[in-house]
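Structure assessment
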Amino acid sequence: MSLLDLWLVVRKRRVLLVCFALGAAALGFGFGVMRGKEYTATGEIEIQPGSASSLKSITSLFDSELSSLDEIMETDVAILQSPSLLVDVARNLNLLNNKDFVAPGSTVAGPGGTKLPLWNGDLNNPYVRNAVAGELKAGLT
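Residues numbered from 1 in each chain as written. Predicted model: local features only at pLDDT ≥ 70, side-chain atom pairs only at ≥ 80, totals over all residues. Heavy atoms only, no water.

**A short note on the pattern of salt bridges**
Opposite charge on two side chains permits them to pair, given that their charged atoms come into close proximity. Worth spelling out the cut-off: Salt bridges are defined by distance alone: a side-chain nitrogen of Lys or Arg within 4 Å of a carboxyl oxygen of Asp or Glu. The way it works is that DSSP assigns letters per residue, a run of H or I at least four long becomes a helix, a run of E at least two long becomes a strand, and they are numbered from the N terminus.
If you walk through the whole model with that rule in mind, you get one salt bridge. The salt bridge partner of Arg91 is Asp88, with a shortest N-O separation of 3.7 Å. Here Asp88 and Arg91 lie together in helix α5 (residues 83-92), a separation of three residues that amounts to about one turn.

**With respect to helix α6 (residues 126-138)**
What counts here: What a helix should span is 1.5 Å times the count of its residues minus one. Buried residues are those whose accessible area, probed at 1.4 Å on protein chains only, stays under 20% of the maximum for their type, while exposed residues exceed 50% and partly exposed ones sit between those limits. The arc in question is the one traced by the directions running from the helix axis out to the C-beta atoms.
With 13 residues, α6 should reach 18 Å at 1.5 Å per residue; the first-to-last C-alpha distance of 18 Å fits that figure. For α6, the full list of buried residues reads Val128, Val132, Ala133 and Leu136. One side of α6 carries all its buried residues, which in axial view fall inside an arc of 130°. More than 90 degrees from the buried face of α6, the exposed residues found are Asn130 and Ala138.

**Considering a nonpolar patch on the surface**
This is how it is decided: Patch rule: a residue counts if its relative accessible area is over 30% and it has no salt bridge; like charges are joined within 9 Å, and nonpolar side chains (Val, Leu, Ile, Met, Phe, Trp, Tyr) within 5 Å. Note on areas: these come from Shrake-Rupley sampling with a 1.4 Å probe, and a residue is covered only by the protein chains present in the view.
On the surface, a nonpolar cluster with roughly 970 Å² of combined accessible area is contributed by Met1, Leu3, Leu4, Leu6, Trp7, Leu8, Val9, Val10 and Leu17. The element best represented in the nonpolar patch is helix α1 (residues 3-12), accounting for seven residues.

**Some points on the nonpolar core**
For clarity, the cut-off: By nonpolar core we mean a set of buried residues, namely Ala, Val, Leu, Ile, Met, Phe, Trp, Tyr and Cys, connected to one another through side-chain atoms within 4.5 Å. Whether two residues are in contact is decided by their heavy atoms, any of which lying within 4.5 Å being enough.
Ala90, Leu96, Leu118, Leu123, Val128, Val132 and Leu136 are the most contacted members of the largest nonpolar core, which totals 14 residues. For this core, the secondary structure elements donating two or more residues are α5 and α6. Ranked by residues supplied to this core, first place goes to α6 with four residues. Those residues within four positions of Leu118 in sequence are excluded, and the remaining contacts are Leu96, Val102, Ser106, Thr107, Val128, Ala131 and Val132.

**Some remarks on the layout of surface pockets**
The probe, sized like a water molecule, is rolled over the atoms to show the empty space still left. For the record, the criterion: Computed over the protein atoms alone on a 1 Å grid, cavities are sets of points where a 1.4 Å probe fits but cannot get out and pockets are open sets with protein on both sides within 12 Å along at least five of seven lines; a residue lines them when it has an atom within 4 Å of a point. Grid points are joined across faces, edges and corners, and a volume is the space filled by probe spheres set on the points. Charged residues are taken to be Asp, Glu, Lys and Arg, nonpolar residues to be Ala, Val, Leu, Ile, Met, Phe, Trp, Tyr, Cys and Pro, and polar residues to be all remaining types, Gly included.
In this model, the largest pocket occupies a volume close to 1,000 Å³. Considering the residues around the largest pocket, the lining is formed by 25 residues, among which Ala41, Leu136, Gly139, Leu140 and Thr141 are closest to the centre. Of all elements in the fold, only α4 (69-80), α5 and α6 reach the threshold of two or more residues within the lining of the largest pocket. Looking at the lining of the largest pocket, its residues break down into 15 nonpolar, seven polar and three charged.

Take it as geometry only, folks, not as evidence of what the structure does.
Rendered as structure tokens:
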């Protein structure tokens, strides 16, 4: 088969080849749109023993005899997982209005089995606050 014969076959089947290329492009575009964007946010925190920190100084008032590195690390992990810090993060990032964090129309069980709104909820409510802190803590590793 010569190059001329190949060119004649391409010319003869050009409509079929163009339709195949357009169909493949449309399928690729449709799959990309249907799948959407998916991101996983990750971050690392480096804890340096002996560094000056206001949070560490507060904990050192309560327990000034932290001697081993393991105890210091456990203290730092406890600070990062504390509900008050997690609620402050939720408040600063406005997570109760973020549909990627809370589904619109979400509720949480309140006193007496009542349903309290979690979407656009009030972080001053202890039931909402506990639900948000629990959700954030579940995402920490």
